[in-house]
Amino acid sequence: MSSHPLGNKKSRIIVIGAGIGGLTAGALLARRGHSVLIVDQALVPGGCASSFRRQDFIFDVGATQVAGLEPGGIHHRIFSELDIDLPQATLCDPACAVYLPGETTPVNVWSEPQKWQQERQRQFPGSEPFWQLIAALFQASWEFQKRNPVLPPRHLWDFLQLMKAIRPDTLITIPYTLLTVGDALRIYGLAKDRRLRTFLDLQLKLYSQVSAQETALLYAATALSISQKPQGLFHLQGSMQVLSDRLVQALKRDGGQLLMRHTAEQIQVENGKATAVVIRDQKTKKVWIEPADQVIANVTVQNLVQLLGDKVPRGYKRRVQKLPTPSSAFVVYLGVDESAIPAQCPPHLQFLYDASGPIGENNSLFVSVSRPGDGRAPTKKATIIASSFVDPHQWWCTEDYQGLKKKYTEDAIARLAQFFYLKPETIIHVEAATPRTFARYTARYQGIVGGIGQRISTFGPFGFANRTPIKHLWLVGDSTHPGEGTAGVSYSALTVVRQIEAQLYS
Ligand SMILES: Cc1cc2nc3c(=O)[nH]c(=O)nc-3n(C[C@H](O)[C@H](O)[C@H](O)COP(=O)(O)OP(=O)(O)OC[C@H]3O[C@@H](n4cnc5c(N)ncnc54)[C@H](O)[C@@H]3O)c2cc1C
């Protein structure tokens, strides 16, 4: 099929995947005059940030909070360039209410910086020097990121962009590049503060996929500060799907094409250059080779290796194979009567049930609750979405998948019932997603979610680059800098758009 002739377009670009990363890259490139075709194997665009409807409820599949909507934030910048309206949203305040084991009063992560400072001083006495370091590193990292560095650099142009983003104020971060949060806690004599460590483990695991002990300090500085003004975490009106829908609207307006239920089966490579994508239409079963000047893969780096087959450079494949096993998620989606929700319930809560094991062994829940009138539930009803980190392996090895899913669902509901009023008469709909569900609906390798983990060995300068070892092939998404989240993958998309344009015009 060659139904979209180049005409006077600058370049023909195929984007594999209509996640927020792929849609952002595609919409920006279409806006800038390129011929863009996005293919996605799912029914609806948005990947981990899409939504689905059951009865009268709308559930967000994965992502529930959005960063980067404030003026100067990445979604704000991209939506301005695309000349589309930002989705309506409300600031989450607190961004999260964190319940530590055995405690009935939460640590409230307030969005007002002073209020959050008072809260943390009260909750974690003696830790302020650590937080001041976090604040200083965040300030410098944020300014640096706003200047669009390319990390890690793999080309002279990338290196120049990186150099341009470094200013005297960035230099304060350099001595901390190889430190983890665990190191910083030791430096400040806080390594034995179990409560603080548990809090940091819980919050950091959400963003970095790993514990505080392992999380790169510079990454943690952003993750721990992003919920405070002038930044903030936002709850979208309607559902998370609005973000994708607006990007699709911009893509189509600018002549781009989106084919849902179309699977990219292989990226073709000739003489070290990506030249085409083998696409299968799931409905008609038709398979064809679509030529491209540039291919953008909005997939995990593990999926990229599969798509390249025997064309993947050996060193790259080895590096991917050596990555520590990434996490997946178990998510339970509940449609409930409003009486199940306690009064003044914050929109996002986090619970840790057993502090003895490492977080990520299904012992914590991150919970998002709909707000009256936010479009997710009918009047006098609400949605509760609770996710926990799980090791994907057991879900693929088990001989009793349905039994395991049932057990996890019942355990999650029993735990949620310690906070919510969950009884047969208040629960209207129950559904769960496992690593197998994520693998099926987002095509992510083994259902892994949330990126490759922000350890020293894999964050920023040491992570996977957007520029792959194959010419004209680019990687966009949460396997690349600056990591997971809709805001993170939007930066990743913007970087690739700039790299492609720089290559075309050099
Ligand atoms: C439970 C959970 C909670 C989360 N909470 C938050 C949150 O609150 N806030 C936040 O910002 N982030 C959150 N995240 C992370 C965030 O959702 C992701 O990091 C981000 O959405 C990933 O976007 P992406 O564009 O990289 O890829 P994806 O969302 O994975 O999209 C990739 C797309 O590519 C398609 N695809 C893959 N392979 C192929 C192929 N071969 N052919 C065709 N199509 C293909 C898939 O169908 C999919 O649509 C959460 C994630 C999960 C799982």
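Quick caveat, the model's predicted, so the values are computed rather than measured.

**Q** Help me understand the overall build of the protein in this model?
**A** Regarding its fold elements, the protein presents 15 helices and 20 strands. Against the compact-globule benchmark of 23 Å for 506 residues, the protein has a radius of gyration of 22 Å, which places it among compact chains. For the C-alpha atoms alone, the extent of the protein along its principal axes is close to 65 × 55 × 45 Å. A fraction of 70% describes how many contacts in the protein between residues 6 or more apart in sequence connect residues 24 or more apart. By element, 53% of the accessible surface of the protein is carried by carbon and sulfur atoms, the whole surface being about 20600 Å². On the protein, the mean spot of the 54 positive side-chain charges and the mean spot of the 42 negative ones are 5 Å from each other.

**Q** Is there a simple way to explain the site of the ligand in this structure?
**A** Around the ligand lies a shell of 36 residues, among which Asp40, Gln41, Cys48, Gln65 and Arg444 are the nearest. A distance of 2.6 Å separates an oxygen atom of the ligand from a polar side-chain atom of Asp40. Between the ligand and the protein, one listed contact pairs an oxygen atom with a side-chain N or O atom of Asn298 at 2.9 Å. Split into classes, the residues belonging to the shell around the ligand amount to 16 nonpolar, 16 polar and 4 charged.

**Q** Just to check I follow, could you spell out the nonpolar core for this structure?
**A** Side chains that are nonpolar tend, in soluble globular proteins, to be buried together. Formed by 86 residues in total, the largest nonpolar core has its most connected members in Phe130, Val181, Phe199, Leu200 and Ile296. Setting aside residues up to four positions removed in sequence, Val181 forms contacts with Phe130, Leu200, Leu204, Ala212, Thr215, Leu217 and Ala220. With 30 residues, the next largest nonpolar core counts Leu37, Ala264, Trp288 and Leu307 among its residues.

**Q** Before we go on, may I ask you to explain the environment of Gln282 in this structure?
**A** Looking at the element boundaries, Gln282 is found in the loop between strand E12 (273-281) and strand E13 (287-291). Distance in space between the C-alpha atoms of Gln282 and Glu410 is 35 Å, their sequence separation being 128 residues. In this structure Gln282 touches Gln41, Arg261, His262 and Thr263, once residues within four positions along its chain are discounted.

About the criteria used
- Residue numbering note: each chain is counted from 1, following its sequence as written.
- It should be noted that, the model being predicted, local features are given only for residues of pLDDT at least 70 and side-chain atom pairs only at 80 or more, the latter also being counted only at that level, while totals for whole chains, interfaces and linings use all residues.
- Side-chain measures were taken over the full set of non-hydrogen atoms in the model, leaving aside hydrogen atoms and water.
- Secondary structure elements follow DSSP: runs of H or I no shorter than four residues count as helices, runs of E no shorter than two count as strands, and numbering proceeds from the N terminus.
- Each radius of gyration is computed over the set of C-alpha atoms, and the globule rule expresses the reference value as 2.2 Å times the number of residues to the power 0.38.
- By definition in these notes, contact holds between two residues if any of their heavy atoms fall within 4.5 Å.
- In short, Shrake-Rupley with a 1.4 Å probe defines the accessible areas, and a residue's cover is counted only from the protein chains shown.
- Asp and Glu are treated as the negative residues and Lys and Arg as the positive ones, with His and the ends of the chain left uncounted.
- A single reference atom marks each charge: NZ on Lys, CZ on Arg, CG on Asp, CD on Glu.
- Definition of nearness: a residue and a molecule or strand are near each other if at least one heavy atom of the residue lies within 4 Å of the molecule or strand.
- Contacts described as polar in this section are N or O atom pairs within 3.5 Å, which, within protein, must combine one atom able to donate a hydrogen with one able to accept it, while residues neighboring in sequence count only if both atoms come from side chains.
- Residues are grouped as follows: Ala, Val, Leu, Ile, Met, Phe, Trp, Tyr, Cys and Pro are nonpolar; Asp, Glu, Lys and Arg are charged; every other residue, Gly included, is polar.
- As used here, the term nonpolar core means buried Ala, Val, Leu, Ile, Met, Phe, Trp, Tyr and Cys residues forming a set that is joined through side-chain atoms within 4.5 Å.
- Throughout, exposure labels follow a simple rule: accessible area from a 1.4 Å probe, protein chains only, divided by the maximum for the residue type, with under 20% read as buried, over 50% as exposed, and the rest as partly exposed.

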